Amino acid sequence: MTAAYLEAFERFAGNGGGRGPAGLVARRREAFERFAKAGFPTAKDEEWRFTSVAPIARTAWRTGGPADDGSGGPAVTAADLAPYRFGGAEWCTLVFVNGRFAPGLSHRPTLPEGVTVETLAEATARDPAQVERTYARVATPDITPFSAFNAAFADDGAVVRVAAGVELTDPVHLLYVTTEAGAGAAVQVRTVVLVERGARAQFVESYAGLGSTASFHNVVTEVVVGEGAWVEHTRIQRESQAAYHIGLTQVEQGRDSHYRSFSLAEGGAIARHDLRARLSGENVETLLYGLYLGRGNQLVDNHTTIFHDYPNCRSWEVYKGILDGRSHAVFNGKVFVKPEAQKTDAKQTNRNLLLSEGARVDTKPQLEIFADDVKCTHGATVGRIDESAFFYLQSRGIPRAEAQRVLTYAFAAEVVNEVASAPVRAALDRLVAARLGIEG
Amino acid sequence: MLEITGLRAAAGENEILRGINLRVRAGEIHAIMGPNGSGKSTLAQVLAGHPAYTVTSGTVTLDGQDLLELEPEERAQAGVFLAFQYPVEIAGVTNAYFLRAAYNALRKARGLEELDPIDFLDLLEEKLKLVGWGPEIMQRAVNSGFSGGEKKRNEILQMAILEPKLAILDETDSGLDIDALRIVADGVNALRRPDRATIVVTHYQRLLNFIIPDYVHVLVEGQIVKSGGKELALELEARGYEWLTGIPEAAPA
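The rules we used
Residues numbered from 1 in each chain as written. Chains lettered and ligands numbered in written order. Predicted model: local features only at pLDDT ≥ 70, side-chain atom pairs only at ≥ 80, totals over all residues. Helix = DSSP H or I, 4+ residues; strand = E, 2+ residues; numbered from the N terminus. Rg over C-alpha atoms; globule rule 2.2 N^0.38 Å. Buried ≥ 20, exposed ≤ 12 C-beta atoms within 10 Å, placed from the backbone. Contact = placed C-beta atoms within 7 Å. Pairing = 2+ DSSP bridges. Domains from an automatic or database assignment. Nonpolar A, V, L, I, M, F, W, Y, C, P; charged D, E, K, R; others polar. Core = buried A, V, L, I, M, F, W, Y, C linked by C-beta atoms within 7 Å. Axes fitted to C-alpha atoms, helices over the stretch in contact; angles between N-to-C directions. Parallel < 35°, antiparallel > 145°, perpendicular 65-115°, else oblique. Left-handed = near helix turned anticlockwise from the far one by under 90°.

Let us look at the overall build of chain A. Summing up its helical and strand segments, chain A has 10 helices and 20 strands in all. Against the 2.2 N^0.38 benchmark of 22 Å for 440 residues, chain A shows a C-alpha radius of gyration of 21 Å, consistent with a compact globule. Each of the three principal axes of chain A carries a C-alpha extent, and together these read 70 × 55 × 50 Å. Residue burial in chain A is summarised as follows: out of 440 residues, 52% are buried. Contacts in chain A between residues far apart in sequence, at least 24 positions, make up 82% of those at least 6 positions apart.

Have a look at this one:
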């Protein structure tokens, strides 16, 4: 297996590794070597105990070249993407199909001065030295084998930069789509968001699957939140039940900054997201909200890690899951509090609603606290809809099946309501309501 | 309208209702009183179809229809409404959505067209006046973070919108101050019509100063031990329940 990827890598590097400068190619080689040495994780790896990636490991994915297998297939149209556009048509939207930028499907309005939204390929062509210097420096290849695999091969994606003090009012939408033509390919893209000192920005990152093929998105996102900056990050994973999705988001926060994320995961054959936030300064606030919805035989896995490295920071995390059919959810929430991170205030909650007998949840909070003057709590629940709530709705004439939908939606809405951006919240609410069978 | 005959019900192994007989005619208000643990709330919940209780014998009919074979939602559709002693909090669903869902569920069951949000708003405005509320309450999550009084008012608002044939108030007065009590009573009285009936379950006579019952029944250990007119409530207020139960009652806190 590794031999085939080595061959792919040499071919890719020989082509200039996505036409980058020599230092970038060297950086990719380093990442590849790390990946080749580690291989894909196995169930023996504590981090992957409940999520077997064997089906990914035993597939010979095409990578390091066009994802499209050349068989053609229908081109993606604007109408195909309509359900995934999410926000207003006026939002700046970059669309990538099977890892390739699709200018015809994207929308690039004039942005406020100091804001740039470009593709990784464009950024590399415009300022190769900058990309060479920063490539894979936040979400480094050593985090997981998948992050190394991605760093070796990713040659497109999006780069968003918001200059110091600038306020970006409309969200930027980065939409990554896979199609039937991308079957058999490991689609590896990177998203980089840099919000400088005192700036404000919101962005939406979506992963969509058109068709029902076993697509494979292995993606990495890096978010740098400067001193006193404010960022809202919404991540939506909506792919087919046969999809493989492995995602890593690494966030670095400067002092006095505020980062909030909302992650919606609809699962797949394997859908795993690692969200890691490093609080690199005092008085940082980090809010992580998540909602995952599993049905059929889906697996949906969320791993979050919060690094409290400095004193006087606050992190607040609520992840909720709704599991139907024979779906399986995994939640692991780590909070590391360094000895010097006094006055840390950290709260983590994971709540799961089971709608069927066959659904399963493995939830594990993991707090490692080395400071003594802190307030850290966690709680996890797995349960069904409360009978007293059922009775209340039924006693008002609402049939039991509808009561179940309403109460399930209510469970989800509680966390959706935490999204700060009104247009994003409204779009998410519509999406979740439709998914759970509720009319507006 | 409502005929209860020989009704026995249990929670698990524990029999709570031990042969209730009661007839409520259209236009009447009946008060069910009794000491704590006498089974008053159980009776209210059994009539609404609470799954925690099993009916072991007896019959209950509403205008000739067997209520006991109906699901809770079917009872509501048949015109039964229970104002809960402890209304359930549903975070994440607005009062507006909940009320419209309930209203439309009843309309649908009766073969009527569902009301769209705009038309429903008109209806709502009129009913809100009845409980002295502004429209802000509709955007709050159902009962979530409501005070005790607000929850009870919300029950009355629901009742006003759903216009039941038979309203059952389960200790709606408990924990209310005099102003809230008056609002609740006004709501109930406004709904009074010759073709509707109300059962008021209460421990104290206080509410009955505002909602004047036609009949008062005293429930002790799962049976109606005494029935009378509204003056019976005053007698209970003056003498307590001890003369009927034979058990000394703790002084009210």
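It is worth spelling out the pairing of strand E5 (residues 172-178) of chain A at this point. Residue and element names in this part refer to chain A. Taken across its seven residues, E5 has seven buried, putting it largely inside the fold. Neither face of E5 is exposed, since Val172, Leu174, Tyr176 and Thr178 on one face and His173, Leu175 and Val177 on the opposite face are all buried. Taken together, the six bridges between strand E1 (residues 92-97) and E5 define a ladder with parallel strand orientation. Within E5, the position partnered with Val95 by the bridge is Leu175. Direction of pairing for E5 relative to strand E8 (residues 200-209): parallel, over a ladder of seven bridges. Its bridge partner being in E8, His173 is matched across the sheet by Val204.

The subject of this paragraph is the domain arrangement of chain A. Residue and element names in this part refer to chain A. Domain boundaries assigned for chain A yield domain 1 (2-280) and domain 2 (385-440). Inter-centroid distance (C-alpha atoms) of domain 1 to domain 2 is 31 Å. Taken residue by residue, the interface counts 11 residues in domain 1 and eight residues in domain 2. Contributing elements (two or more residues each) for the side of domain 1 that touches domain 2: E8, strand E10 (230-238) and strand E12 (258-265). Among the elements that line the side of domain 1 that touches domain 2, the one with the most residues is E12, at three residues. In terms of residue class, the side of domain 1 that touches domain 2 is built from five nonpolar, four polar and two charged.

A few words now on the interface of chain B and chain A. Contacts between the two partners involve 22 residues from chain B and, on the opposite side, 18 residues from chain A. Counting residues per element, the ones that place at least two in the side of chain B that touches chain A are helix H2 (72-78), strand E7 (90-94), helix H3 (95-109) and helix H5 (148-162) of chain B. Looking at which element gives the most residues to the side of chain B that touches chain A, the answer is H3 of chain B, with five residues. Of the residues that constitute the side of chain B that touches chain A, the class distribution is 16 nonpolar, four polar and two charged.

Let us now look at the nonpolar core. Ranked by size, the top nonpolar core spans 204 residues in total, and within it Val195, Val406 and Ala412 of chain A together with Ile168 of chain B carry the most contacts. Examining the composition of this core, we find that 10 residues originate from one element, helix H9 (residues 400-416) of chain A, more than from any other. Residue assignment places this core across two domains, with domain 1 (2-280) and domain 2 (385-440) of chain A each supplying three or more. If we ignore the near neighbours within four places in the chain, the residues touching Ala412 of chain A are Leu291, Lys320, Ile322, Val432 and Leu436 of chain A.

To continue, consider the sheet that holds strand E12 (residues 223-228) of chain B. Residues and elements named next belong to chain B. Spatially, six strands are ordered E6-E9-E10-E3-E11-E12 in an open sheet, and the strand pairing comes out mixed. At either margin of the open sheet sits one strand with a lone partner, and together these are strand E6 (80-83) and E12. Neighbouring strand axes in the sheet, compared pairwise and without regard to direction, differ in orientation by 20° on average. Here five bridges tie strand E3 (residues 29-33) to strand E10 (residues 197-202), and the two strands are oriented parallel to one another. From the neighbouring strand, His30 faces E10, where its bridge partner is Ile199.

This part covers the packing of helix H4 (residues 117-130) of chain B against H5 of chain B. Residue and element names in this part refer to chain B. It is the contact of H4 with H5, at a shortest axis distance of 9 Å, that shows an interaxial angle of 135°. It follows from the interaxial angle that H4 and H5 lie oblique. Of the two possible hands of crossing, H4 and H5 adopt the one that is right-handed. Where H4 approaches H5, its residues Leu123, Lys127, Leu128 and Leu130 are matched on the opposing element by Leu157, Ala160 and Ile161. For the contact of H4 with H5, the per-class residue count stands at six nonpolar, no polar and one charged.

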